[in-house]
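So you can see what is in the structure, the chains are spelled out below.
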Amino acid sequence: MAKAMDILEVLASSYKKLSLTAISERTEINKSSTYKMLQVLCDYGYVEKLSNGSYYKLGRSIVDVYSHITEKSDLRGIAHPYLVRLHEITGCVTNLMILVGSAGVYLDVVPQENGGNGVGMSDHLHATALGKAILAYLPEKQLETIIEGRPLKKVCTNTICDPVLLKNELVLTKKRGFAIDDEENHIGSRCVAAPLLDADGDIIGAISVSGMATSISVSTLFENSAHVVDIAKEVSARL
């Protein structure tokens, strides 16, 4: 079961379809076992084998489960007007992310160019402000599973890949109430994010503002943090 979940998480955290070899390498499961588990996951509709027979992607069943959860929580519906307001205040792209397995999934992006560019895509938690805002509020055991489970990928030069350094960053994030991504996920891009918490203080997701480093200086990033934190608190209160 754990290995099957590893396969689903690898597919969920990838921007593209993956080959059997790529899945085997990323999960560190031998090819034979990976193939057998993929066949079972395909039978249940959680994974789809593409027509050329060489690549796999998440299937309709997992998407249906995900859609049911998001529709039931109505998080996107609640948060969207606040993302629009945050966009109007800062002039930056605003984002909503939730945790799915060990990856972050974009639930909403404003403005929604090209019919919602980025919505449904997954991203690395340790390399994004949104992801770090989520990680900082996870229970210790769950955090350990995510950041110690496999090596943290070096996405950019500034990406924090050392688990100890990342934990220090998460302590700082929780202390100040927001997370920073200074060209850690994309070269030339900066982002500041704040957590969405329920009444018990449990993490639900995170919102952020992001933009090109040429238009958002580090000082501007910290100025925007106040707006992000304030609106994150408003959304949290609605939840």
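Check the entry above for the structure.
Residues numbered from 1 in each chain as written. Predicted model: local features only at pLDDT ≥ 70, side-chain atom pairs only at ≥ 80, totals over all residues. Heavy atoms only, no water.

Draft legend 1. Structural view of the overall build of the protein. Helix and strand content of the protein: nine helices and nine strands. By the burial criterion, 45% of the 239 residues in the protein qualify as buried. Within the protein, residue pairs in contact and separated by at least 24 positions form 55% of the contacts whose partners lie at least 6 positions apart. Approximately 12,200 Å² of the protein is accessible, and the part contributed by carbon and sulfur atoms is 54%. (Helix = DSSP H or I, 4+ residues; strand = E, 2+ residues; numbered from the N terminus. Buried < 20%, exposed > 50% of the residue type's maximum accessible area, 1.4 Å probe, protein only. Contact = heavy atoms within 4.5 Å. Areas by Shrake-Rupley, 256 points an atom, 1.4 Å probe, with all protein chains shown as cover.)

Draft legend 2. Here's a closer look at the sheet that holds strand β3 (residues 55–58). If you walk across this open sheet you meet the three strands as β1-β3-β2, and the pairing is antiparallel. At either margin of the open sheet sits one strand with a lone partner, and together these are β1 (18–19) and β2 (47–49). The sheet contact formed by β2 and β3 spans three bridges and is antiparallel. Residue pairing across strands places Val-47 opposite Leu-58, the latter belonging to β3. Taken strand by strand, helix α3 (residues 31–43) contacts β2 and β3, and its axis lies near 105° from that of β2. (Pairing = 2+ DSSP bridges. Axes fitted to C-alpha atoms, helices over the stretch in contact; angles between N-to-C directions.)

Draft legend 3. Structural detail: the side chain of Asp-181. Relative to the helices and strands, Asp-181 is located in strand β7 (residues 179–182). Despite its burial, Asp-181 pairs with no opposite charge, the nearest such side chain being Lys-132 at 6.1 Å. Within polar-contact distance, the side chain of Asp-181 engages the backbone nitrogen of Glu-183 at 3.4 Å. Residues in contact with Asp-181, not counting those within four places in the same chain, are Ala-127, Thr-128, Ala-129, Ser-189, Arg-190, Cys-191 and Leu-221. (Lys, Arg positive; Asp, Glu negative; His and termini not counted. Salt bridge = Lys/Arg side-chain N within 4 Å of Asp/Glu carboxyl O. Polar contact = N/O pair within 3.5 Å; in protein donor to acceptor, adjacent residues only side chain to side chain.)

Draft legend 4. Region of the structure containing the packing of aromatic side chains. All told, the structure shown has one aromatic pair when counted by the stated rule. Taking 5.7 Å as the distance between ring centres and 80° as the angle between the ring planes, the aromatic pair formed by Phe-178 and Phe-222 counts as edge-to-face. Residue Phe-178 is located in the loop between α8 (163–176) and β7, and its partner Phe-222 is located in helix α9 (residues 218–238); the two are separated by 44 residues in the primary sequence. (Phe/Tyr/Trp six-rings, centres within 6.5 Å; stacked < 30°, edge-to-face > 60°.)

Draft legend 5. Layout of a nonpolar patch on the surface. Taken together, Val-40, Tyr-44 and Tyr-46 make up a surface patch of nonpolar side chains, about 310 Å² in accessible area. By secondary structure assignment, the location of Tyr-46 is in the loop between α3 and β2. Taking relative accessible area as the criterion, Tyr-46 reaches 30% and is therefore assigned partly exposed. (Patch = residues over 30% accessible without salt bridge, like charges linked within 9 Å, V, L, I, M, F, W, Y side chains within 5 Å.)

Draft legend 6. Representation of the sheet that holds strand β4 (residues 93–100) in the model. Sheet architecture is open: six strands sit in the order β6-β5-β4-β9-β8-β7, paired in antiparallel fashion. The strands lining the two open edges of the sheet, one partner per strand, are β6 (122–123) and β7. Two strands pair when backbone bridges link them, and β4 and strand β5 (residues 103–110) are joined in this way by seven bridges, in the antiparallel orientation. Note that in β5 the partner of Thr-94 across the bridge is Val-110.

Draft legend 7. Structural detail: the pattern of salt bridges. Evaluated as defined, the whole model comprises nine salt bridges. A salt bridge links Glu-169 to Lys-132, with the shortest nitrogen-to-oxygen separation between them at 3.6 Å. Of this pair, Glu-169 sits in helix α8 while Lys-132 sits in helix α6 (residues 129–135); the two residues are 37 residues apart in sequence, bridging distant segments of the chain. On the basis of relative accessible area, Glu-169 is assigned to the buried category, the value being 16%. Salt bridges sharing partners connect three or more residues here, namely Lys-132, Glu-169, Arg-176 and Glu-184.

Draft legend 8. Focus on the pairing of β3. With two bridges connecting them, β1 and β3 associate as antiparallel partners. Paired with Ser-19 across the bridge in β3 is Tyr-55.

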